[in-house]
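Take a look at the letters that make up each chain.
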Amino acid sequence: KAAKEGFIRYYNIKKYDNNTLNLYTIDSFEAGSGTKFMKYFTKLADGNKLNITLRPAESKTRSRTWLIKWYEQFGFVKDNTDKYLYLIRYPKNNI
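Let us look at the structure shown here. Starting from 1, residues in each chain are numbered consecutively following that chain's sequence as written. Residues qualify for local features only when their pLDDT is at least 70, as the model is predicted, and side-chain atom pairs are given and counted only at 80 or more; totals for whole chains, interfaces and linings, by contrast, use all residues. Side-chain descriptors were evaluated using all non-hydrogen atoms of the structure, hydrogens and water having been removed beforehand.

### Things to note about the packing of aromatic side chains
Reasoning step 1: Planes of paired rings set the category: under 30 degrees apart is stacked, over 60 is edge-to-face and the rest tilted, where pairs are Phe, Tyr or Trp rings (Trp by its six-membered ring) whose centres lie within 6.5 Å. A complete count under the given rule lists five aromatic pairs for this structure.
Reasoning step 2: Their ring planes at 10° and their centres at 6.4 Å tell us that tryptophan 66 and tryptophan 70 sit as a pair that is stacked. Remark: tryptophan 70 and tryptophan 66 occur in helix α2 (residues 64-72); sequence separation between them is four residues, near one turn of the helix.
Reasoning step 3: When its relative accessible area of 37% is taken as the criterion, tryptophan 66 is described as partly exposed.
Reasoning step 4: Their ring planes at 70° and their centres at 5.5 Å tell us that tyrosine 71 and phenylalanine 76 sit as a pair that is edge-to-face.
Reasoning step 5: Owing to a relative accessible area of 9%, tyrosine 71 belongs among the buried residues under this scheme. Counting from the N terminus, the helices are the DSSP runs of H or I reaching at least four residues and the strands are the DSSP runs of E reaching at least two. Classification of residues uses two cut-offs on accessible area relative to the type maximum, computed with a 1.4 Å probe and protein chains only: under 20% is buried, over 50% is exposed, and between them is partly exposed.

### Focus on the nonpolar core
If you look at soluble globular proteins, the nonpolar side chains tend to sit buried side by side.
Reasoning step 1: Only buried Ala, Val, Leu, Ile, Met, Phe, Trp, Tyr and Cys residues count toward a nonpolar core, and they belong to the same one when joined by side-chain atoms within 4.5 Å. Counting 16 residues, the largest nonpolar core has Leu23, Met38, Tyr71 and Phe76 as its most contacted members.
Reasoning step 2: Among the secondary structure elements, those contributing two or more residues to this core are β2 (20-27), α1 (33-47), β3 (51-54) and α2.

### Structural notes on the side chain of arginine 89
Reasoning step 1: Residue placement: arginine 89 occurs in strand β5 (residues 87-89).
Reasoning step 2: Residues adjacent in sequence count toward polar contacts only when both atoms are side-chain atoms; beyond that, a polar contact is any pair of N or O atoms within 3.5 Å, and within protein one must be able to donate a hydrogen and the other to accept it. Side-chain polar atoms of arginine 89 contact the side chain of aspartate 46, separated by 2.7 Å.
Reasoning step 3: A distance of 2.6 Å separates a polar atom in the side chain of arginine 89 from the backbone oxygen of phenylalanine 74.
Reasoning step 4: If we ignore the near neighbours within four places in the chain, the residues touching arginine 89 are Thr42, Asp46, Leu50, Asn51, Ile52, Phe74, Gly75 and Phe76. We call two residues in contact when some of their heavy atoms are within 4.5 Å.

### A word on the pattern of salt bridges
Reasoning step 1: Salt bridge criterion: a side-chain nitrogen from Lys or Arg within 4 Å of a carboxyl oxygen from Asp or Glu. Scanning the entire structure with this criterion turns up one salt bridge.
Reasoning step 2: With its nearest N and O atoms 2.7 Å apart, the salt bridge here joins arginine 89 to aspartate 46. In this pair, arginine 89 is assigned in strand β5 and aspartate 46 in helix α1, connecting sequence segments 43 residues apart.
Reasoning step 3: Accessibility expressed as a relative area gives 2% for arginine 89, which makes it buried.
Reasoning step 4: Look at aspartate 46 and you get buried, because its relative accessible area is 7%.

### Points about unusual backbone geometry
Reasoning step 1: One non-glycine residue with positive phi stands out, namely lysine 49, at about 55°.
Reasoning step 2: Turning to its location among the elements, lysine 49 is positioned in the loop between α1 and β3.
Reasoning step 3: For lysine 49, a relative accessible area of 64% translates into the label exposed.

### Let's talk about the pairing of β3
Reasoning step 1: Across the two faces of β3 the burial is the same, with Asn51 and Thr53 and Ile52 and Leu54 all buried.
Reasoning step 2: Here, a strand pair is defined by DSSP locating no fewer than two bridges between the strands. Relative to β3, β2 runs parallel, the two being bridged by three bridges. By the bridge assignment, threonine 20 is partnered in β3 with asparagine 51.
Reasoning step 3: Taken together, the three bridges between β3 and β5 define a ladder with antiparallel strand orientation. Bridge pairing in β5 links isoleucine 52 to arginine 89.

Shown next, in the form of structure tokens:
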């Protein structure tokens, strides 16, 4: 649905296990489209009681530090059990 609404050009999500999705890529093409996608995706994950994991990778326009702070606004926290510094988001219970 998110891609059909036209605010994301490309995304790559894979099932990690029965309770977790791993978000590999978001490619947006207009300001605010990444935020719209994350709101949609986190709501979908919450409704299905799924964790989301990801590993922020620096790009030409955003540093890894900036991305970590950006993902934190959607409820992601550092997964200190992982040596690659993944972020994880647990589903919210108030759905």
